[in-house]
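Given next are the chains, with one letter for each unit.
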Amino acid sequence: MAIKVFVPRDTTALAMGAEAVVTSILAEANARDTEVELVRNGSRGLFWLEPMVEIETPSGRVAYGPVTVDDVESLFDADFLQGEQDHPLALGVPEEIPYLARQQRLTFARAGVIDPVSLDDYLTHDGFKGLEKALQASSQTLVDEVKTSGLRGRGGAAFPTGIKWQTVLDCDAEQKYIVCNADEGDSGTFADRMVMEADPYMLIEGMIIAGLAVGADQGYIYLRSEYPVAHQILNEAITNAYDQSYLGDDIRGSGKRFHLEVRLGAEAYICGEETSLLESLEGKRGMVRAKPPLPAIVGLFGKPTVVNNVLSLAAIPYILANGGQAYADYGMGRSRGTLPFQLAGNIKQGGLVELAFGITLRELVESFGNGTWSERPMRAIQVGGPLGAYLPESQWDTPLDYEEFSAIGAVLGHGGVVVFDDTVDMGEQARFAMEFCVAESCGKCTPCRIGAVRGVEVIDRIRSGERPEANAELLNDLCETMIDGSLCAMGGMTPIPVQSVVQHFPDDLIRAADTAGEK
């Protein structure tokens, strides 16, 4: 009987040499006349251990990693196919690895466990249980369950998902749409990609339920074009879902319909903003729309549209299968459920950590990240992508909660956490924030289009020592103008990282001015 060997096919594992490891394992097994069944699973999110190879044994799965081609022969010699642990790369039972054992995995429960394109695997691990219940319920019941869960948008704005769905449900229209924002562009984020590469049926199920809840029969996944592996896996999963009547004109004999397709994004950060995304999806240039009207009322092709992030829609199957209250029992305050935090930057153990809201930033980074890769002291942490604040050590004990972060002028956003050690030049980071906006602004509104350009110029003058005090005052005025006058969050949030540097790392911004003196 063939021994099951699991090697991830997700982007991170592939980047770390997973394909070559697969080839080597198959060749070594053939040379030793050993029969193996290779399963290309997704990643569990322990990126510093990729490629992480798992073996299915009679007593459960055991893991080894990070495995390179040079390790394969010695693994076979150590009888790793039998789960033997006498090897330096032996990790034991995956779920007992401390990094995983301390997590609360609701959305990522199947990540790394199943073959992402196997419907049988998905069904065996509680897949489509939420859909089964949804097919028997009224639209209003489904919306009410999402409201009970307390789920808020996981894309950054944190708007209550149930309220958005209610708005679309209440619209009287013959055609409505479900749009998944999978244009994951924030620095240090990869949770959306992991969902699509490790558990795509969960996203498909969430979108079908959303369609049933609001009366929409057509869905689109607007996928970041830089995610070719996710694109391949999603399309394969969607094809399988159609073949088994989970998508189409008659979902599992219920008489209800929902169609779904993937559309590739325009390689523009601004298309992560929902109205710009809709413009791009319609075949136009990705330009921000003025609001109102809201997309929930006048969205894709002018029709009522639910626009939700991957993580928001991926949370829906758990909520429907277990009840909204079961989800709401996790978290704190108005931040309910879990958020998959993504550890990146100068960090030793980068990866995905799904936890209930409420853990402090310090505990997250120190307990799971295990310090910096450089082994130097941490100096700053940016949370929430390139438009998030740079947080000094004095703020690391803030609970990871939407309101708590808002109170200190920061954002949780998509849950990306990027760590910097004490060699970072925070003045340069402030400049980068404005420079990023220059490159990524859609150009529609003046505060964003012109303000970011002027921002780079003003910061350069401060750092060169040209009238630093006067230019610092000008920079403050410019930031306030961008916050108050920009059409969308691109211009409105660009000042957040700049202001955090001014407030918490002022010496870095004026260091050059101190050495140059007044001009």
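Everything numeric in this text was worked out from a predicted model, so none of it was measured.

It is worth spelling out the packing of helix α17 (residues 426-440) against helix α21 (residues 495-504) at this point. Two elements in contact, α17 and α21, have axes whose closest approach is 8 Å; the angle formed by their N-to-C orientations is 160°. In this view, α17 runs roughly antiparallel relative to α21, as classed from their interaxial angle. At the point where α17 passes α21, the crossing takes the left-handed sense. Contacts from Met426, Gly427, Ala430, Ala433 and Met434 in α17 reach Pro497, Val498 and Val501 in α21. Residues of the contact of α17 with α21, tallied by class, amount to seven nonpolar, one polar and no charged.

Turning our attention to the sheet that holds strand β4 (residues 60-64). Pairing is mixed across the open sheet formed by five strands, whose spatial order is β2-β1-β3-β4-β5. Of all strands in the sheet, those with a lone pairing partner are β2 (36-39) and β5 (90-92), marking the two edges. For this sheet the average axis-to-axis angle between neighbouring strands, irrespective of direction, equals 30°. Strand direction decides the pairing type here: strand β3 (residues 53-57) and β4, joined by five bridges, are antiparallel. From the neighbouring strand, Val53 faces β4, where its bridge partner is Tyr64. Against the sheet, helix α2 (residues 18-31) touches β1 (3-6), β2 and β3, its axis set at about 170° to β2.

Any pair of aromatic rings gets described here by the distance separating the centres and the angle formed by the planes. Within the structure shown, the criterion is met by 16 aromatic pairs. An angle of 40° between the planes, with centres 5.6 Å apart, marks the rings of Tyr122 and Tyr201 as tilted. Taken together, the residues span a long stretch of sequence, with Tyr122 in helix α5 (residues 119-124) and Tyr201 in helix α10 (residues 200-214) at a distance of 79 residues. Linked through ring pairs, Tyr122, Phe128, Tyr201 and Tyr246 together constitute an aromatic cluster. Positioned above the aromatic ring of Phe6, the side-chain terminus of Arg61 is 3.6 Å from the ring centre. Over the ring of Phe368 we find Arg102, and its NZ or CZ is 4.5 Å from the ring centre.

Rules of the game
Residues numbered from 1 in each chain as written. Predicted model: local features only at pLDDT ≥ 70, side-chain atom pairs only at ≥ 80, totals over all residues. Heavy atoms only, no water. Axes fitted to C-alpha atoms, helices over the stretch in contact; angles between N-to-C directions. Helix = DSSP H or I, 4+ residues; strand = E, 2+ residues; numbered from the N terminus. Parallel < 35°, antiparallel > 145°, perpendicular 65-115°, else oblique. Left-handed = near helix turned anticlockwise from the far one by under 90°. Contact = heavy atoms within 4.5 Å. Nonpolar A, V, L, I, M, F, W, Y, C, P; charged D, E, K, R; others polar. Pairing = 2+ DSSP bridges. Phe/Tyr/Trp six-rings, centres within 6.5 Å; stacked < 30°, edge-to-face > 60°. Lys NZ or Arg CZ within 6 Å of the ring centre and 35° of its normal.

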